[in-house]
Amino acid sequence: MLKEERQKTILNEVELHNRVLLTDIAEKLDVSIDTIRRDVKELDVENKLRKVHGGAISLGFTSPAASNNNTYALQEKISIAEKGVTLLKDGSVIFIDGGTTCLELARIIPEHLQLTCFTLSLPVALLLLSKPNVDVVFIGGRIAKEAQISTGAGTINDLAGIRFDYGFIGTGYVDSLHGLTEFDWDIVQVKKAVINASKKAVLLCISEKLNSQHRYKTCDINAINTMITELDPSNNLLNLFRNHDIRLL
């Protein structure tokens, strides 16, 4: 594979999943980790992604609150957010996860809507502060630098004492058989706690992530009440998910 093709694949994976590991990309492309490390370093110098220890993150994931100009598949994520907002009612107590799709949900919450919104995402919390009728509660803990979210035992303990009407979450990978998965064990534990704390867990996920999986399991697909993609619910790409007890929007 030519370097240009390799680097295009790296960028696609980084944009789709926000964060990737060098080892995963090397395995996917069947090349050495050193080769991928050099590619990522070049892409970082060209300001196409951000190199971090053991991997890379998308530019839209590093400072998403100020602007969404670097957000991958922005129109698809806005479409998902618009569907998600229709679930909200005055007086609802909700949770909004970190990640670019959840950030778009927070961005388009109508200013007249009265909500109590919990989050463990710094960008989401900062954006919600501009909403005059949203009471923002930040769940603290150890901050993961790349994801800019709280993690750890303290965060999980705080979540255990709350009951959300809706918990809006994202995921790195989703599959009808293997459920929701991630490559980060700590983030999986937090997402599990959010799902347990939610009367209805709502997954916001662009269709490109469908039928993908990684190492650590967050939950079975049936643990999710509603899955929202940019697709029409009747789209054939969602057929495998119709066999499960899950609402498609």
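Provided above is the structure to which this section pertains.
A brief look at the structure comes next. Position labels on residues start from 1 in each chain and follow its written sequence. Per-residue local features of the predicted model are confined to residues with pLDDT of at least 70, and side-chain atom pairs are confined, for both listing and counting, to 80 or more; whole-chain, interface and lining totals are unaffected and use all residues. By convention in this description, side-chain values take in all heavy atoms of the structure and omit both hydrogens and water.

Let us now look at the packing of helix 5 (residues 74–85) against helix 6 (residues 100–107). For any two helices packed against each other, the geometry comes down to the angle between their axes and how far apart the axes lie. Axis angles are defined between N-to-C directions and span 0 to 180 degrees, where every axis is a line fitted to C-alpha atoms and, for a helix, only to the segment in contact. Here a helix means four or more residues in a row that DSSP labels H or I, a strand means two or more in a row labelled E, and each is numbered from the N terminus. For the pair helix 5 and helix 6, interaxial distance at closest approach is 8 Å and the crossing angle is 55 degrees. Taken together, the axes of helix 5 and helix 6 are oblique relative to one another. Between helix 5 and helix 6 lies a crossing whose hand is right-handed. Only Thr 100, Thr 101, Glu 104 and Leu 105 of helix 6 make contact with helix 5, whose side of the interface consists of Leu 74, Lys 77, Ile 78, Ile 80, Ala 81, Gly 84 and Val 85. Of the residues in the contact of helix 5 with helix 6, the class split is six nonpolar, three polar and two charged. Angles below 35 degrees are treated as roughly parallel, those above 145 as roughly antiparallel, those between 65 and 115 as roughly perpendicular, and all remaining angles as oblique. Rotating anticlockwise by less than a right angle from the far helix to the near helix defines a left-handed crossing, while the corresponding clockwise rotation defines a right-handed one. Note on definitions: a residue-residue contact is assigned when non-hydrogen atoms from the two residues lie within 4.5 Å. We call Asp, Glu, Lys and Arg charged. Ala, Val, Leu, Ile, Met, Phe, Trp, Tyr, Cys and Pro are nonpolar, and the rest, Gly among them, are polar.

Here's how the labels work: a residue is buried when its accessible area is under 20% of the maximum for its type, exposed when over 50%, partly exposed in between, all with a 1.4 Å probe on protein chains only. The element strand 4 (residues 92–96) is largely enclosed, with a buried count of four among its five residues. Strands pair, by our definition, only if DSSP identifies at least two bridges between them. Examined bridge by bridge, strand 4 and strand 5 (residues 115–119) share five bridges and lie parallel to one another. Bridged to Ile 96 within strand 5 is Thr 119. Once the chain exits strand 4 it traverses helix 6 before rejoining the sheet at strand 5, and the crossover so formed is right-handed. Classification remark: right-handed applies to a crossover when, strands pointing away from the viewer, the course from the first strand over the helix to the second runs clockwise.

With that out of the way, let us pick up the pattern of salt bridges. Any Lys or Arg side-chain nitrogen located within 4 Å of an Asp or Glu carboxyl oxygen qualifies as a salt bridge. A full pass over the atoms with the stated rule returns 12 salt bridges. A salt bridge links Glu 42 to Lys 3; its shortest N-O distance comes to 3.3 Å. One end of the pair, Glu 42, is in helix 3 (residues 33–45); the other, Lys 3, is in helix 1 (residues 3–17), with 39 residues separating them in the sequence. A relative accessible area of 31% means that Glu 42 is categorised as partly exposed.

Within the secondary structure layout, Ser 198 lies in strand 12 (residues 198–204). Since its relative accessible area comes to 6%, Ser 198 is described here as buried. Leaving out residues up to four positions away in the same chain, Ser 198 has contacts with Arg 163, Phe 164, Tyr 166 and Gly 167.

With that settled, the discussion passes to the nonpolar core. Residue types Ala, Val, Leu, Ile, Met, Phe, Trp, Tyr and Cys, when buried and joined through side-chain atoms within 4.5 Å, form a set referred to as a nonpolar core. In this structure, Phe 95, Leu 159 and Ile 224 are the most contacted members of the largest nonpolar core, which totals 32 residues. Mapped onto this core, the elements with two or more residues apiece are strand 9 (164–169), helix 9 (185–196) and strand 12. Among the elements that line this core, the one with the most residues is helix 9, at five residues. Leu 159 has contacts with Phe 95, Leu 120, Ile 139, Phe 164, Val 190, Ala 193, Val 194 and Ala 197, leaving out every residue within four places of it along the chain. The next biggest cluster of nonpolar side chains, apart from the first, holds 28 residues, and it includes Leu 87, Ile 94, Leu 103 and Leu 105.

Empty space within the largest pocket amounts to approximately 300 Å³. Those elements giving two or more residues to the lining of the largest pocket turn out to be strand 1 (19–21), strand 3 (55–57), strand 7 (142–144) and helix 9. Considering only residue class, the lining of the largest pocket consists of nine nonpolar, four polar and six charged. Taken as a whole, the second largest pocket holds about 220 Å³ of empty space. At the level of elements, helix 1 and helix 2 (22–29) are the ones that each hand at least two residues to the lining of the second largest pocket. Looking at the lining of the second largest pocket element by element, the count peaks at four residues for helix 2. A cavity here means a set of points on a 1 Å grid, drawn over the protein atoms and nothing else, where a 1.4 Å probe fits but cannot get out; a pocket is an open set with protein on both sides within 12 Å along at least five of seven lines, and a residue lines either one if it has an atom within 4 Å of a point. Grid points are joined across faces, edges and corners, and a volume is the space filled by probe spheres set on the points.

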